[in-house]
Amino acid sequence: MAKRKKEKIKIMVSSTVYHFKSDLEQLCSTLIGFGYEVICSHIGTVYPVPGKTPEESCLVAVAECDFFFGIIFPMYGSGITHKEFQEAVRLNKPRGFLAHHDVAFAKQLLKEFMFEENGDRNGFKLTKRTPVMDDLLVIDMYNIAIGDGLPKEQRLWAQEFHKYPLDGAPFVNSLFGNEARFRADLEKLKGSE
Amino acid sequence: MKDEQLIKNIILEGEHEQLDFKESVQKENIAKVICSFLNGKGGRVIIGLNNSGTIKGISNALKVVEDLKVYLLNSIIPEAPITINVESLGRSELIMIKVYGGSKQPYIFDGNIYYRKGLNTQKATSKEISKLIHGRQNSELHWERQITIGVTVNDLDQKLIQSTIRESRENHRSSFQGDDVLDFLANYSLYQNGSFTNACVVLFGKQPARFFPQIRVRLTEYVDGKTDNQLLRDELLEGNLFLIQSKLEKYIGNLGIRSVFDKNQWKRVDFKFPEKALQEGIINALMHRDYSSVSSGVSISIYPDSVVISNSGHLPDDLTVRLLKTSHRSHPVNPDIAHIVFLRGLIDKLGRGTLKVLEECEKEGLKSPIWKDNEDGVSLTFYGPRALASKRGNTPIGLDDGLNDGLNDGLNDGLNDGVIRGVSKLVNDGVDDGVIDGVTDGVIIEVARLTKLISQKEGMNTLDIATKRGKSKPTVERYLRTAREVGIIEFRGAPRTGGYYLSNKIKNLI
């Protein structure tokens, strides 16, 4: 019997699209070129489950992917990306994140305002959209990504970037460029669960 | 006629890494090749030729061009300037598509990244994709992509941006949908997370000189020569690139008929500087100048019998190879600025500026203009009627037209394409093999000039070459050493009586 071809690793790319359209398409094509299957609503590869809303279909896609890759921008979008982040964490999917520098910066800047002394999030929010950030929910997304507040060993790294082509894409290259290594590490991760 | 000759010369090169022939219009295959060129050093696709270059022609070419324009614009991501033209050759019509090496790699067609290897276009491997990603990092460090601190949307001429959106849509050069100014700027990387890039300010700023004093252009009209004590006009033009361009065009439009006295023939000679050629020279100077140096500038000097457009800044070759790597060599100096100028329809055919200028001057019976590049900058001089032309110690244009095109259009065209490519390959091989250190594009262009010169008369010695090039002996020696080290030329004969010859290696390449 012929040797069965290895199934491609399914990577879900979860990101807002605003002013990131062609970079996002380049990112997806980069992953396809590296040999992965890419699940991303922007390029139309999320299966629209009959009878379910786009949001529900996206959450199903999170459950089906092998690796969840989230990108956090200072513009919040519709909120689906936020829900996808929550779902990936709830399911404890193997995951990785890119976070725009402005979000990481704002987190530090506004920490005192956004959180009570016991660490609980208060109702502090932006009352107006600004050209550099439209909603503090992006900081909440960032905190979900890095496991803010969790014990150190459960926290994750979110690679900061300033300009995607300059310092985001090289991270994508480092993380996914060697498919065989990534596959082996993903297997190890599954084995350790 | 020059256009026809150019096409013939290109066809004679045969298919290679930057040239592909297609017999018929297979949109998908063409898009794949264009995508691969954008991921490489740029190139041309000629439709209407079989693989061996035999002319088959394309019927209904004008309509095909319109369809192709829209198709390529919408299917290749990110958007890039692509020129598509119908070219006549005898009774046949061909379609020529041309692109520069892209400045926003990796480019995608149909979800995949294509790469050119020799004559083949194929999906890029992981290694090739990594190379493109790292190459792109360098492009992002370029001056025009840096953020101008303190600029808000109110500092930009929004009406100008809106008219650019409209025009680019009407002439099928942009795939951008919508009318939002910020979305449009973001689409062309001129606006990023609340900030505007330097290129954006040069293109659309209301008062860009507040941020970049070097943007000013000096316009001087002399009664006689530079040493004369009278000036007819001396002013500094300010504003964004398009405003300066339109002010200059208006001025040129009013130059009118000029008269000079021909002492030889003892009579007055009337002539007119060709408007289109001057416009071409101006837009090239504004588009390809080096904006990154605060002391750079463009000046237009008008004499009774000549016009000099000069860029006192750095040459395009100041882009170091180390900075832009080999795959970026054929970028225009300012790709983002050039793209918007292209959207506004101010560049007809990429890389054909020189030919256009030459043709226009010829039509008016004027002496061929001369491009010069030296340490002071780049200059383009238009002269009066041929009969009056005094002998000047410059290189005749015929020798350099392809090379000058390189300076003016960023991509070399025509007769010297082969020379540039051959020289570029051997120099880059030399750099890769560690034979020589990294060099600037200017060095490659100068070595190509020497190669061309030697190919016309083998056996010349250093002094001959220095005299012909109008450069000092030590300078020429430096370039010759590089050419020798990478195996482009060889010295034959005794040290005192011998001379330089082209190596077989370069002969095979050109």
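Residues numbered from 1 in each chain as written. Chains lettered and ligands numbered in written order. Predicted model: local features only at pLDDT ≥ 70, side-chain atom pairs only at ≥ 80, totals over all residues. Heavy atoms only, no water.

Our focus in this paragraph is the overall build of chain A. What chain A contains, in helices and strands, is seven helices and five strands. For chain A, the sequential pattern of α-helices and β-strands runs β-α-β-α-β-α-β-α-α-β-α-α. Compactness check: chain A gives a C-alpha radius of gyration of 17 Å against a globular reference of 16 Å for 193 residues, within 12% of the reference. With the C-alpha coordinates aligned to their principal axes, the bounding extent of chain A is approximately 65 × 40 × 35 Å. Taking all 193 residues of chain A together, the buried fraction comes to 47%. For chain A, long-range pairs separated by at least 24 residues make up 73% of all intrachain contacts whose partners lie at least 6 apart in sequence. Of the roughly 10400 Å² that chain A leaves accessible, carbon and sulfur atoms contribute 54%. (Helix = DSSP H or I, 4+ residues; strand = E, 2+ residues; numbered from the N terminus. Rg over C-alpha atoms; globule rule 2.2 N^0.38 Å. Buried < 20%, exposed > 50% of the residue type's maximum accessible area, 1.4 Å probe, protein only. Contact = heavy atoms within 4.5 Å. Areas by Shrake-Rupley, 256 points an atom, 1.4 Å probe, with all protein chains shown as cover.)

With that out of the way, let us pick up the packing of aromatic side chains. Considering all chains together, one arrives at 25 aromatic pairs over all chains under this definition. Plain terms: the ring middles of Phe 161 of chain A and Tyr 164 of chain A are 6.4 Å apart, the flat faces sit at 85° to each other, and that makes the pair edge-to-face. With respect to class, Phe 161 of chain A is no different from Tyr 164 of chain A; both count as buried. Between Phe 109 of chain B and Tyr 114 of chain B the ring centres are 6.3 Å apart and the planes differ by 45°, which places this aromatic pair in the tilted class. (Phe/Tyr/Trp six-rings, centres within 6.5 Å; stacked < 30°, edge-to-face > 60°.)

Take the nonpolar core next. Within the largest apolar cluster, 65 residues are counted, with the highest numbers of intra-cluster contacts made by Leu 185, Phe 204, Ile 300 and Phe 382 of chain B. Looking at this core element by element, the count peaks at seven residues for helix α9 (residues 275-288) of chain B. Leave out the neighbours within four places in its chain, and Leu 185 of chain B touches Leu 156, Ile 161, Leu 190, Tyr 191, Phe 196, Cys 200 and Phe 204 of chain B. With 32 residues, the next largest nonpolar core counts Phe 171 and Phe 182 of chain A together with Ile 113 and Ile 129 of chain B among its residues. (Core = buried A, V, L, I, M, F, W, Y, C linked by side-chain atoms within 4.5 Å.)

In this model, the second largest pocket occupies a volume close to 1100 Å³. Of all the secondary structure elements, the ones that give two or more residues to the lining of the second largest pocket are α1 (21-34) and α6 (164-176) of chain A together with α3 (61-75), β3 (76-77), α4 (126-140), α6 (181-187) and β9 (191-192) of chain B. Ranked by residues supplied to the lining of the second largest pocket, first place goes to α1 of chain A with five residues. Split into classes, the residues belonging to the lining of the second largest pocket amount to 20 nonpolar, 16 polar and 12 charged. (1 Å grid on protein atoms, 1.4 Å probe; cavity = no way out; pocket = protein on both sides within 12 Å on 5 of 7 lines; lining within 4 Å. Points joined across faces, edges and corners; volume = space filled by probe spheres on them. Nonpolar A, V, L, I, M, F, W, Y, C, P; charged D, E, K, R; others polar.)

Moving on, we come to the sheet that holds strand β3 (residues 67-72) of chain A. All names here are of chain A. Pairing in this open sheet of five strands is parallel, and the strands run β2-β1-β3-β4-β5 from one edge to the other. At either margin of the open sheet sits one strand with a lone partner, and together these are β2 (37-39) and β5 (158-161). Direction aside, the axes of adjacent strands within the sheet are offset by 20° on average. Sheet topology places strand β4 (residues 95-100) next to β5; four bridges connect them, and they run parallel. For His 100, the partnering residue across the bridge sits in β5 and is Phe 161. Set on the sheet, helix α2 (residues 54-64) makes contact with β1 (10-15), β2 and β3; between it and β1 the angle comes to about 140°. Taken strand by strand, α6 contacts β1, β3, β4 and β5, and its axis lies near 170° from that of β3. (Pairing = 2+ DSSP bridges. Axes fitted to C-alpha atoms, helices over the stretch in contact; angles between N-to-C directions.)

This part covers the pattern of salt bridges. Throughout the structure, instances matching the rule amount to 32 salt bridges over all chains. In this structure, Arg 183 of chain A and Glu 179 of chain A form a salt bridge, with 2.9 Å as the shortest nitrogen-oxygen distance. Linking Arg 183 of chain A with Glu 179 of chain A, this pair stays in helix α7 (residues 179-192), spanning four residues, or about one helical turn. Lys 363 of chain B is paired through a salt bridge with Glu 360 of chain B; the nearest N and O atoms lie 3.4 Å apart. Here Lys 363 of chain B and its partner Glu 360 of chain B are both found in helix α12 (residues 353-363), three residues apart, which amounts to about one turn of the helix. Salt bridges sharing common partners tie together Lys 163 of chain A together with Arg 136, Glu 140, Arg 145 and Asp 336 of chain B. (Salt bridge = Lys/Arg side-chain N within 4 Å of Asp/Glu carboxyl O.)

Judged by side-chain charge, Glu 112, Glu 116, Glu 117 and Asp 120 of chain A come together as a negatively charged surface patch. Considering the arrangement of structural elements, one finds Asp 120 of chain A in the loop between α4 (101-114) and α5 (137-146). (Patch = residues over 30% accessible without salt bridge, like charges linked within 9 Å, V, L, I, M, F, W, Y side chains within 5 Å. Lys, Arg positive; Asp, Glu negative; His and termini not counted. Charge placed at Lys NZ, Arg CZ, Asp CG, Glu CD.)

Further remarks concern the environment of Gly 459 of chain B. Residues and elements named next belong to chain B. Relative to the helices and strands, Gly 459 resides in the loop between α15 (441-456) and α16 (462-469). For the pair Gly 459 and Asp 20, spaced 439 residues apart in the sequence, the C-alpha separation amounts to 36 Å. Leave out the neighbours within four places in its chain, and Gly 459 touches Gly 498, Gly 499, Tyr 500 and Tyr 501.

Time to look at the sheet that holds strand β1 (residues 19-22) of chain B. Residue and element names in this part refer to chain B. Strands sit in the order β1-β2-β5-β4 across an open sheet of four strands; the sheet is mixed. Unpaired on one side and paired on the other, β1 and β4 (82-89) mark the two borders of the sheet. On average, each strand axis in the sheet is inclined to that of its neighbour by 20°, with strand direction left out of account. Pairing of strand β2 (residues 42-47) with strand β5 (residues 92-100) involves six bridges; the strand directions are antiparallel. Bridge pairing in β5 links Gly 42 to Tyr 100. The strands touched by α3 within the sheet are β2, β4 and β5, with β4 carrying the most contacts at an inclination of about 165°.

Further remarks concern unusual backbone geometry. Residue and element names in this part refer to chain B. Omega for the bond connecting Ile 77 with Pro 78 falls within 30 degrees of zero, at -10°, which places this linkage in the cis form. Within the secondary structure layout, Pro 78 lies in the loop between β3 and β4. Gln 105 connects to Pro 106 through a cis peptide bond whose omega is 0°. Following the sequence through the fold, Pro 106 ends up in the loop between β5 and β6 (108-109). A positive phi angle, near 60°, is found at Ser 189, a position not held by glycine. Topologically, Ser 189 is positioned in the loop between α6 and β9.

Before going further, it helps to spend a moment on the interface of chain A and chain B. Each partner contributes residues to the interface: chain A has 23 residues there, and chain B has 27 residues. A buried area of about 2000 Å², summed over both sides, lies between chain A and chain B, and 56% of it is on carbon and sulfur atoms. Three residues, His 19, Gln 26 and Lys 163 of chain A, lead the burial of chain A against chain B; their summed loss comes to 27% of the area buried on that side. Summed over the shared surface of chain A and chain B, the number is one salt bridge. Ionic pairing is found between Glu 140 of chain B and Lys 163 of chain A, a salt bridge with its closest N-O pair at 3.4 Å. Here chain A and chain B share 10 residue pairs in polar contact (both at pLDDT 80 or more) between them. Going through the elements one at a time, α1 and α6 of chain A are the ones with two or more residues in the side of chain A that touches chain B. Looking at the side of chain A that touches chain B, the element that brings in the most residues is α1 of chain A, giving nine residues. Here the side of chain A that touches chain B is composed, by residue class, of 10 nonpolar, nine polar and four charged. (Buried area = accessible area lost by both parts, 1.4 Å probe. Polar contact = N/O pair within 3.5 Å; in protein donor to acceptor, adjacent residues only side chain to side chain.)

Residues and elements named next belong to chain B. Their axes nearest at 11 Å, the elements α15 and α16 cross at an angle of 115°. Considering the angle they form, α15 stands roughly perpendicular to α16. Between α15 and α16 lies a crossing of right-handed hand. Contacts between α15 and α16 involve Glu 446, Arg 449, Leu 450, Leu 453 and Ile 454 from the former and Ile 465, Lys 468 and Arg 469 from the latter. A class-by-class count of the residues in the contact of α15 with α16 yields four nonpolar, no polar and four charged. (Parallel < 35°, antiparallel > 145°, perpendicular 65-115°, else oblique. Left-handed = near helix turned anticlockwise from the far one by under 90°.)

Any functional reading would require information beyond the geometric quantities listed.
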